[in-house]
Amino acid sequence: MERALAMDNLYAGAGDRTLTDEQLAAKAREGDAAAMEELYLRYRQPVFRIVYRSTRNIDEAEDIVQDVFLKAFERLHTFREQSRFSTWLMRIALNLCTDRARMRQRRQELLEREADHKLAWCHPDAPDPIQTTQQNAFHEAFYTALNQLPDHHRQLIILRDLEEMDYETIAQILGTSVGAVKLRVMRARRAFKAKLEPLLRAIGELE
Amino acid sequence: MKRLCRELERHLESGVEHLPDALRAHLTGCAKCQRAWQLHRAYQRALQAARGEPTPACELPWSRVQTQLAARAVSRQPLAWLRPALGWGMAVAVALAVGAALVPWGSQPPSRGETLAQAHRSKPRVPNAPSQADTTRDAAGTVSIEAQGVALALVDPRAPDARVVAQATPRIGEAARVQPPALDTPQKGAYAARLRDTEPLARRPIDRTEEVMGAPAFGAASEPPFTVASLPLTPFSVNDSVAGVEYLPISYGSPSSYREGSSNETIIGSF
């Protein structure tokens, strides 16, 4: 999270940059629009990056980012200052990603059922055959395996292995202990490798 | 050998990129561990590639979020106002209902909107009592009576809903006279006479000793008695100042069906 925040310092802040997130959250709770904007500009890109890792679609990711901030600002009164604002926001983002993934999966199942698998060639998630080079194939294999994971495993791979968050931050986001997070990450990696192996063999990355 | 396999597995799960020499030597003799190590390396390469992939910038402007926030706040405002109002409204409605249930109806003077049905219920009805209302039935099944100078009809096949009757029926009280028309006199004739001159209706004498509507004794003995009163179609109201009754004009049927001598009647009472 610290890394994520450090990468997002190229914004024109509207509010007071010297205030902490929690101070800004307190002002935003009282209806201070400038504090809201400052919080938004601080966390827009970190939230977007995590959401984009999950969706791989810019428009959908922006929609989710908007929903995340709408939900956060509407429910600021429920924010307990026992946790950090950033972890609270990330938890909202992950929950919305999970909801959206379920909706997408349901829609995909409906599409497949209606078309009886005859429209698989025009599925929006299907890779473009022209752009499928070897490098892209490696990339696609990675994200295909990632998307095949259950939500709780995928989130852990994104937070720990892609975003390189420390275990403590992940534990705060997920509201669990560090030991539990380590165990879950281990299981998620095992599951991910099991999904990834046949895909990598298919494209010749593994012997 | 199995101990080294487990140790390698533990190393791989912890995400290391380099192995100790002992484990590296073990890889050459164990095909299973070698496959696991290759997969781990591929996984690490894929992670490196994914981390290095540039993430597009989020171009969602604050103004869009702010607009959405304002719109949602506005849409929630009526609900916030409505909830306590609904609560108070329900409380008032319950209080009114309880109060209305406790008020004795008999002690109040009959109101203007009271129906023939209520007036009739105020006195116990004796089934098959032809003395209270002499009726006659014409060929169409309509039984005609007269009350207060107004032609009333008993229509058995289409008894209207009591709620409709309650809205459409003026109060006559206990003083309506029910006079049977002559058996051989067609009902249409009485209507035609009333339609031509509605003014004498107000001057008609009222016998307050008689029941409004008696139980008609027509049809089979097992048939439940009921009474339907109807008014002739008239474009203007009829005011009976003596009885304090005002008949309002009631539309019934299409305008083309309103003509003198027609049998169209507006049903105003049914029990």
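A quick note: this is a predicted structure, and the numbers were derived from the prediction, not measured. Per chain, the residues get numbers from 1 upward, laid out in the order the sequence is written. Naming scheme: in the order in which they are written, chains are lettered from A and ligands are numbered from 1. At least 70 in pLDDT is required for a residue's local features to be given in this predicted model, at least 80 for side-chain atom pairs to be given and counted, and no such filter applies to totals for whole chains, interfaces and linings, which use all residues.

Caption draft 1: Representation of the confidence of the model for chain A within the structure. Values of pLDDT, ranging from 0 to 100, describe the predictor's confidence in every residue of the model. Confidence in the prediction of chain A, expressed as mean pLDDT, is 83, and 83% of residues score 70 or more. By definition, residues are in contact whenever their C-beta atoms, placed on the basis of the backbone, come within 7 Å of each other. Confidence over residues 1–13 of chain A falls short of pLDDT 50; this stretch has 15 contacts with residues more than four positions distant or in other chains.

Caption draft 2: Inspection of the interface of chain A and chain B at higher detail. Contacts between the two partners involve 31 residues from chain A, matched on the other side by 21 residues from chain B. Runs of H or I in DSSP of at least four residues are treated as helices and runs of E of at least two as strands, each being numbered from the N terminus. Elements represented by at least two residues in the side of chain A that touches chain B include exactly helix H3 (33–55), helix H4 (58–74), helix H6 (134–148), helix H7 (151–162) and helix H9 (178–202) of chain A. Under this grouping Gly is polar, as are all residues other than the nonpolar Ala, Val, Leu, Ile, Met, Phe, Trp, Tyr, Cys and Pro and the charged Asp, Glu, Lys and Arg. Classifying every residue of the side of chain A that touches chain B by side-chain character gives 16 nonpolar, three polar and 12 charged.

Caption draft 3: View of the packing of H3 of chain A against H7 of chain A. Residue and element names in this part refer to chain A. For helices, the axis comes from a line fit to the C-alpha atoms of the stretch in contact; other axes are also lines fit to C-alpha atoms, and the angle between any two N-to-C directions lies between 0 and 180 degrees. The N-to-C vectors of H3 and H7 enclose an angle of 130 degrees; their axes lie 10 Å apart at closest approach. Classified by the angle their axes make, H3 and H7 are oblique. The handedness of the crossing between H3 and H7 comes out as right-handed. Between H3 and H7, the residues in contact are Ile50, Arg53 and Ser54 and Arg154, Ile158 and Leu162, respectively. Broken down by class, the residue content of the contact of H3 with H7 amounts to three nonpolar, one polar and two charged. Any angle that is under 35 degrees is reported as roughly parallel, and any over 145 degrees as roughly antiparallel; angles of 65 to 115 degrees are reported as roughly perpendicular and all others as oblique. In this scheme, a crossing is called left-handed if the near helix is turned counterclockwise away from the far one by less than a right angle; it is called right-handed if the turn is clockwise.

Caption draft 4: Molecular detail of the nonpolar core. Each nonpolar core consists of buried Ala, Val, Leu, Ile, Met, Phe, Trp, Tyr and Cys residues. Their C-beta atoms, within 7 Å, join them into a set. To sort residues by exposure, count the other C-beta atoms lying within 10 Å of each residue's C-beta; 20 or more gives buried, 12 or fewer gives exposed, and values between give partly exposed, all with C-beta atoms placed from the backbone. Ranked by internal contacts, the top residues of the largest apolar core, which has 51 residues, are Val47, Val51, Val65, Val68, Leu89, Ala93 and Leu196 of chain A. Considering every element that reaches this core, the biggest residue donor is H3 of chain A, with 10 residues.

Caption draft 5: Looking closely at H7 of chain A. Residue and element names in this part refer to chain A. Counting buried residues along H7, nine of its 12 residues qualify, which places the element largely inside the surrounding structure. Those residues of H7 that fall on the buried side of the exposure criterion are His153, Arg154, Gln155, Leu156, Ile157, Ile158, Leu159, Arg160 and Asp161. With its phi angle positive at about 55 degrees, glutamate 164 sits one or two positions after the end of H7.

Caption draft 6: Main features of the confidence of the model for chain B. Residues and elements named next belong to chain B. Averaged over every residue, the pLDDT of chain B is 64; the share at 70 or more is 35%. In the predicted structure, residues 208–217 sits below a pLDDT of 50 and forms 40 contacts with residues beyond four places in sequence or in another chain. Across residues 263–271, where pLDDT falls below 50, the model places 46 contacts with residues more than four positions away in sequence or in other chains. Across the interfaces of the predicted complex, the ipTM metric reaches 0.76, alongside a pTM of 0.54.

Caption draft 7: Representation of unusual backbone geometry within the structure. All names here are of chain A. A positive phi angle is found at arginine 56, which is not glycine, with a value near 60 degrees. Tracing the backbone through its elements, the reader meets arginine 56 in the loop between H3 and H4. The phi angle at glutamate 164 is positive, at roughly 55 degrees, despite the residue not being glycine. Relative to the helices and strands, glutamate 164 resides in the loop between H7 and helix H8 (167–174).

Caption draft 8: Region of interest: H8 of chain A. All names here are of chain A. When we look at burial in H8, the residues that qualify are Thr169, Ile170, Gln172 and Ile173. Angularly, the buried residues of H8 cover 160 degrees about the axis, an arc narrow enough to put them on a single face. Looking one or two places after H8, you find glycine 175, whose phi comes out positive at around 70 degrees. Here the arc refers to the set of directions running from the helix axis out to each C-beta atom.

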